[in-house]
Amino acid sequence: METLSVDGVPVAQVEVAVSYAARSKGLLGRDGIATGLVLRPGSGVHTFGMRFAIDVVYVRRDGRVLAVAPMRPHRLGRPRLRSAWILETEAGRATAWGIVPGRELSLA
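Colleague: Just to check I follow, could you spell out the overall build of the protein for this structure?
Modeller: Counting its regular elements, the protein contains two helices and seven strands. Secondary structure elements of the protein, listed N to C terminal, follow the sequence β-β-α-β-β-β-β-α-β. Relative to the globule expectation of 13 Å for 108 residues, the C-alpha radius of gyration of the protein, 12 Å, shows essentially globular dimensions. Considering only C-alpha atoms, the protein reaches an extent of 35 × 30 × 25 Å along its principal axes. Within the protein, contacts between residues separated by at least 24 positions form 59% of all contacts whose residues are at least 6 apart in sequence. For the protein, the exposed surface amounts to about 5700 Å²; the carbon and sulfur share of it is 54%. Looking at charge distribution, the protein has the averaged site of its 15 positive side-chain charges lying 7 Å from that of its 9 negative ones.

Quick look at the structure:
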């Protein structure tokens, strides 16, 4: 677990998936997630086989948010080639945390 901060303000503890196996599994098989999951590296996701809607936050190498995309189950997300990592969280949580394009995210 690592602390996710938005513009320097801590908002949550999140899981981090760095291995290929962990990134491939992602949130599959879960009924929800209490916080969020970081896929590092990552530039695209899908929700095939997922049981709940998510917010997908695409983040550049410097931590700036490129895009926030809500995704329902059984969809293929558009890859963002400039994305270095991705935050997945339950639908609506990115908004609640104040995450919008241009904001700076960091992990510690």
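Colleague: Just checking my understanding: could you explain the pairing of strand β3 (residues 36-39) for this structure?
Modeller: Residues in a regular strand point their side chains to alternate faces of the sheet. Across the two faces of β3 the burial is the same, with Gly 36 and Val 38 and Leu 37 and Leu 39 all buried. Note that strand β2 (residues 9-17) and β3 share three bridges and pair parallel. In the strand pairing of β3, Val 16 is matched with Val 38. Examined bridge by bridge, β3 and strand β6 (residues 85-90) share four bridges and lie antiparallel to one another. Looking at the pairing, Leu 39 lines up with Ile 86 of β6.

Colleague: Please explain the environment of Arg 64 as it appears in this structure.
Modeller: By the element assignment, Arg 64 lies in the loop between β4 (54-59) and β5 (65-71). Note: C-alpha distance between Arg 64 and Val 100 (36 residues apart in sequence) is 9.5 Å. Residue contacts for Arg 64: discarding those within four places in its chain leaves Asp 7, Tyr 58, Val 59, Gly 102, Arg 103 and Glu 104. In terms of polar contacts, Arg 64 uses its side chain to reach the backbone carbonyl oxygen of Gly 102, at 2.8 Å.

Colleague: I would appreciate a short explanation of the side chain of Glu 88 in the present structure.
Modeller: Inspection of the secondary structure assignment puts Glu 88 in strand β6. For the buried Glu 88, which has no salt bridge, the nearest side chain bearing the opposite charge is Arg 30, at an N-O separation of 8.1 Å. In this structure, Glu 88 is in contact with Leu 27, Gly 36, Leu 37, Leu 39, Val 45, Ile 54 and Asp 55, ignoring residues within four places of it in sequence.

Colleague: Honestly, the sheet that holds strand β7 (residues 105-107) in this entry has me stumped. Any pointers?
Modeller: The strands making up a sheet associate through backbone hydrogen bonding, with each pair oriented either parallel or antiparallel. Here seven strands make up an open sheet; going across it, the order is β5-β4-β6-β3-β2-β1-β7 and the pairing mixed. Each edge of the sheet is formed by a strand with only one pairing partner; in this case those strands are β5 and β7. Sheet twist, expressed as the mean angle between neighbouring strand axes with direction ignored, is 30°. Pairing geometry for strand β1 (residues 2-6) and β7, over three bridges, is antiparallel. Paired with Val 6 across the bridge in β7 is Leu 105.

Colleague: Even after reading the chapter, I still don't get the nonpolar core, so can you show me in this structure?
Modeller: Across soluble globular proteins, you tend to see nonpolar side chains buried next to one another. Core analysis: the biggest nonpolar cluster contains 16 residues, and Leu 4, Val 57, Trp 85, Leu 87, Ile 99 and Leu 105 have the highest contact counts within it. Within the residue set of this core, elements represented by two or more residues are β1, β2, β4, β6 and β7. With near-sequence residues (within four places) excluded, Leu 105 lies in contact with Leu 4, Ser 5, Val 6, Val 57, Val 59, Gly 63, Val 65, Trp 85 and Ile 99. Among the nonpolar cores identified, the runner-up in size contains 15 residues, and Ile 33, Val 45, Ile 54 and Met 71 belong to it.

Thresholds applied
- Residues numbered from 1 in each chain as written.
- Predicted model: local features only at pLDDT ≥ 70, side-chain atom pairs only at ≥ 80, totals over all residues.
- Heavy atoms only, no water.
- Helix = DSSP H or I, 4+ residues; strand = E, 2+ residues; numbered from the N terminus.
- Rg over C-alpha atoms; globule rule 2.2 N^0.38 Å.
- Contact = heavy atoms within 4.5 Å.
- Areas by Shrake-Rupley, 256 points an atom, 1.4 Å probe, with all protein chains shown as cover.
- Lys, Arg positive; Asp, Glu negative; His and termini not counted.
- Charge placed at Lys NZ, Arg CZ, Asp CG, Glu CD.
- Buried < 20%, exposed > 50% of the residue type's maximum accessible area, 1.4 Å probe, protein only.
- Pairing = 2+ DSSP bridges.
- Polar contact = N/O pair within 3.5 Å; in protein donor to acceptor, adjacent residues only side chain to side chain.
- Salt bridge = Lys/Arg side-chain N within 4 Å of Asp/Glu carboxyl O.
- Axes fitted to C-alpha atoms, helices over the stretch in contact; angles between N-to-C directions.
- Core = buried A, V, L, I, M, F, W, Y, C linked by side-chain atoms within 4.5 Å.

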